[in-house]
Amino acid sequence: MKNLRGKNAIVTGASRGLGVYIARTLAQQGVNLALVARSAEKLEETRRSCESIGVRAIAIAADVTSLDDQRRLVAEAEREFGTIDILVNNAGIELVSSFEDLSIEQIDDVIRTNLSAPIWLTKLVLPSMLSRKSGAIVQVASLAGKAPVPYDSIYATTKAGLVNFAESIQGELEGTGVTSSVVCPGFVSEAGMWADREAAGARRPFTLGTVAPQKVANAVIRAIKGHPEMIVAAMPMRPLLAVIDLAPRLRVGISRRLGLTATMREEAQTLSVGEDHRQAARKRAEADPMATRPRE
């Protein structure tokens, strides 16, 4: 899909973080937007921001882990725009903790949000795309889906599943006019999950660096235009990922040497189990008025 102007897109997780950057970048490309998130108030801010760029945008408050909500949001988007040309599955949650300390309910919540929900929504929009022989589906995964991450095992597992889902259906969709792509960001500054965690006091491994959220949003545009996999990181990651794949015994040692294991362990010990990083950031801000407040 080369020319995006006049196309219609659903973007989940659009009320905050990377979702806002993705939505605005699509709007700048002339894409009309059905913006989805649980928070109606924050979603309305994104909607107004996108409309100010000159496109049509609607806000749909919905829980993506509910199939009924998913069916409703697709129906609302189609009623407003007629067709859905682009789906960006961006919504996601993360609980940094040792696996042992997570409850079954917390594990299920992460799996349903990060993996089941994007698969379901893809299933709902795909038939119309196939009938029109045109469409683009982008899954926003993570570098955590390309390599194991201690103390973030369920998040990493769901993102690995999302990467494999996107790449598996690529072969099925070949020649149909519909593309399936995946974007894998590393540590992102200013907005998104890592920004929330950093505001809560987490310390990034000094070896890995961060990327700006706009760079991730630009990668989503490239994915829509046909790039099957976009890795967005501050350093070249493909050689390191190749080493990890070729020498599985080195995985634990590489994670330790990069400082990732220590960073995640420290964060898991600092946060109470299952605590939202925005809540942790608020607590830190209350204790230290100079601390960075969480981003909504």
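In what follows, the accompanying structure is described. (Residues numbered from 1 in each chain as written. Predicted model: local features only at pLDDT ≥ 70, side-chain atom pairs only at ≥ 80, totals over all residues. Heavy atoms only, no water.)

Regarding the pattern of salt bridges
Side chains that differ in charge, positive against negative, can pair when their charged atoms come close.
Then step 1. Across all of its chains, the model carries 11 salt bridges by this definition.
Then step 2. For glutamate 45, the salt bridge identified is with lysine 42, shortest N-O distance 3.9 Å. Separated by 3 residues within a single helix, glutamate 45 and lysine 42 lie in helix α2 (residues 40-51), roughly one turn from each other.
Then step 3. With a relative accessible area of 26%, lysine 42 lands in the partly exposed category.
Then step 4. Among the ionic pairs, arginine 72 bridges to aspartate 69, the shortest N-O distance being 3.7 Å. Taken together, the residues span about one helical turn, with arginine 72 and aspartate 69 both in helix α3 (residues 67-81) at a distance of 3 residues.
Then step 5. Among the residues examined, arginine 72 registers a relative accessible area of 32% and is labelled partly exposed.
Then step 6. Salt bridges sharing partners connect three or more residues here, namely Glu44, Arg47, Arg48 and Glu51. (Salt bridge = Lys/Arg side-chain N within 4 Å of Asp/Glu carboxyl O. Helix = DSSP H or I, 4+ residues; strand = E, 2+ residues; numbered from the N terminus. Buried < 20%, exposed > 50% of the residue type's maximum accessible area, 1.4 Å probe, protein only.)

So, the environment of asparagine 89
Then step 1. You can see asparagine 89 is positioned in strand β4 (residues 86-89).
Then step 2. On the basis of relative accessible area, asparagine 89 is assigned to the buried category, the value being 4%.
Then step 3. Taking the C-alpha atoms as reference, asparagine 89 lies 9.8 Å from leucine 115; in sequence the two are 26 residues apart.
Then step 4. Once you skip the residues sitting within four places of it in the chain, asparagine 89 turns out to touch Thr12, Pro118, Leu121, Thr122, Val138, Gln139 and Val140.
Then step 5. Among the polar contacts made by the side chain of asparagine 89, one reaches the side chain of threonine 122 at a distance of 3.4 Å. (Contact = heavy atoms within 4.5 Å. Polar contact = N/O pair within 3.5 Å; in protein donor to acceptor, adjacent residues only side chain to side chain.)

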